Amino acid sequence: MSVRSLVFAASAVTLLLGGCASGPGLISDLNAGLPGATAETSPPVRAAVADNRPVPIMTASTAPGAWGPPIVTPAVIQSETVADPDGPYRLDTGDRLRVFVYGQPSLSRLYIVDHEGRIAVPLIGNVRARGRTTNQLQAAIRARLGTQFVKDPQVTVDIQQNRPFFILGEVRNAGQFPYVSGMTVETAVAIAGGYTERASQRSFRITRRTDGLIRELEVPGDALVRPGDTVYVFERYF
């Protein structure tokens, strides 16, 4: 083979390799994110080296030129609603109620649920309130009034003031206090004058009556207090 043929062959090989190295989506693009690629030939690798980050590795799911666009799976965030374990508010002794009967001013007044859990309504006598919601109580009053006293009575029952709560144990002023909507154990302690020097501020006990049953609950300081609850603050032993 002549010298001219060897030079021509070498030139052809050089042009072929140069075209492969510079063509878009070919070897240079594919190797840009593979191990062994240098910072001079790969912009992603060059940026990672400059920021002292791990070098990105291109896989079959992330190589844009050879295997198509990456597949992205969106994250799904689920929310959960926690229901009130005690359900709707149930009336009991000490609740102050406002009963309004449309067109009947003698029946529209304030009532206090007595120790037997009832209210005394003119014309119809005692009506059980304990264990009922305000909607249930107004339905009971409406039914009894409508039987023989008032034609199609319109009755509304609202709570003017919840029954009080009680707090005992290591507080400065133990006793009975008016309930404040949304109060917690810590709020109850503050209303009772704060902790004593021997009080434990980590665990508390709430005694609660629900549907005729008395439950004792060991709760933290941010637990909600309900009307009629008895809160007990423990003594600290160390």
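The structure presented is a predicted model; accordingly, all values stated were derived computationally and were not measured.

Caption draft 1: Main features of the overall build of the protein chain. Summing up its helical and strand segments, the protein chain has 5 helices and 10 strands in all. Per-residue burial over the protein chain gives 28% buried out of 238 residues. Taking the intrachain contacts of the protein chain between residues at least 6 apart in sequence as the baseline, contacts between residues at least 24 apart amount to 46%. Of the roughly 15,800 Å² of accessible surface on the protein chain, a fraction of 58% belongs to carbon and sulfur atoms.

Caption draft 2: Expanded view of unusual backbone geometry. Phi is positive for Leu 123, close to 80°, though the residue is something other than glycine. In this fold, Leu 123 is placed in the loop between strand 3 (118–121) and strand 4 (125–128). Here the phi dihedral of Asp 152 falls at roughly 45°; this positive angle occurs in a residue that is not glycine. Mapped onto the fold, Asp 152 is located in the loop between helix 4 (134–148) and strand 5 (155–161). Exposure remark for Asp 152: the relative accessible area of 60% places this residue in the exposed category.

Caption draft 3: Representation of the confidence of the model for the protein chain within the structure. A residue-level look at the protein chain finds 64% of positions with pLDDT of 70 or above and a mean pLDDT of 76. The model gives residues 1–41 a pLDDT under 50, and that stretch makes 28 contacts with residues more than four places away or in other chains. Low pLDDT (under 50) marks residues 69–85, which in the prediction has 5 contacts with non-local residues, meaning those over four places away or in another chain.

Caption draft 4: Local environment of the packing of aromatic side chains. For the structure shown, the criterion picks out 3 aromatic pairs. Measuring from centroid to centroid gives 5.4 Å for Tyr 232 and Phe 234, while their planes differ by 75°, and the two rings are edge-to-face.

Caption draft 5: Region of the structure containing the environment of Pro 88. Looking at where Pro 88 falls in the secondary structure, it is placed in the loop between helix 3 (43–50) and strand 1 (96–101). In sequence terms Pro 88 and Thr 133 are 45 residues apart; their C-alpha atoms lie 7.0 Å from each other. Residues in contact with Pro 88, not counting those within four places in the same chain, are Thr 133 and Arg 226.

Caption draft 6: Spatial organisation of the sheet that holds strand 2 (residues 109–112). Here 3 strands make up an open sheet; going across it, the order is 2-1-5 and the pairing antiparallel. Of all strands in the sheet, those with a lone pairing partner are strand 2 and strand 5, marking the two edges. Across the sheet, the mean angle from the axis of one strand to that of its neighbour is 30°, orientation sign disregarded. Where strand 1 meets strand 2, 4 bridges bridge the pair, whose relative direction is antiparallel. Across the sheet, Arg 98 pairs through a bridge with Leu 110, a residue of strand 2.

Caption draft 7: Structural view of helix 4. All of the buried residues along helix 4 are Leu 137, Gln 138, Ala 140, Ile 141 and Leu 145. Taken down its axis, helix 4 places every buried residue within 155° of arc, on the same side. When the buried face of helix 4 is taken as reference, the exposed residues oriented beyond 90 degrees from it are Asn 135 and Thr 147. Where helix 4 is buried, its residues touch strand 1, strand 3, strand 4 and strand 5.

Caption draft 8: Spatial organisation of the nonpolar core. Residues Ile 119, Val 127, Leu 137, Ile 141 and Leu 145 are the most contacted members of the largest nonpolar core, which totals 20 residues. Not counting chain neighbours up to four residues away, the residues in contact with Ile 141 comprise Val 99, Ile 119, Ile 124, Val 127, Val 155 and Val 157. Counting 19 residues, the second-largest nonpolar core is a separate cluster that includes Phe 165, Val 225, Val 231 and Val 233.

What counts as what
Residues numbered from 1 in each chain as written. Predicted model: local features only at pLDDT ≥ 70, side-chain atom pairs only at ≥ 80, totals over all residues. Heavy atoms only, no water. Helix = DSSP H or I, 4+ residues; strand = E, 2+ residues; numbered from the N terminus. Buried < 20%, exposed > 50% of the residue type's maximum accessible area, 1.4 Å probe, protein only. Contact = heavy atoms within 4.5 Å. Areas by Shrake-Rupley, 256 points an atom, 1.4 Å probe, with all protein chains shown as cover. pLDDT = per-residue confidence, 0-100. Phe/Tyr/Trp six-rings, centres within 6.5 Å; stacked < 30°, edge-to-face > 60°. Pairing = 2+ DSSP bridges. Axes fitted to C-alpha atoms, helices over the stretch in contact; angles between N-to-C directions. Arc of directions from axis to C-beta. Core = buried A, V, L, I, M, F, W, Y, C linked by side-chain atoms within 4.5 Å.

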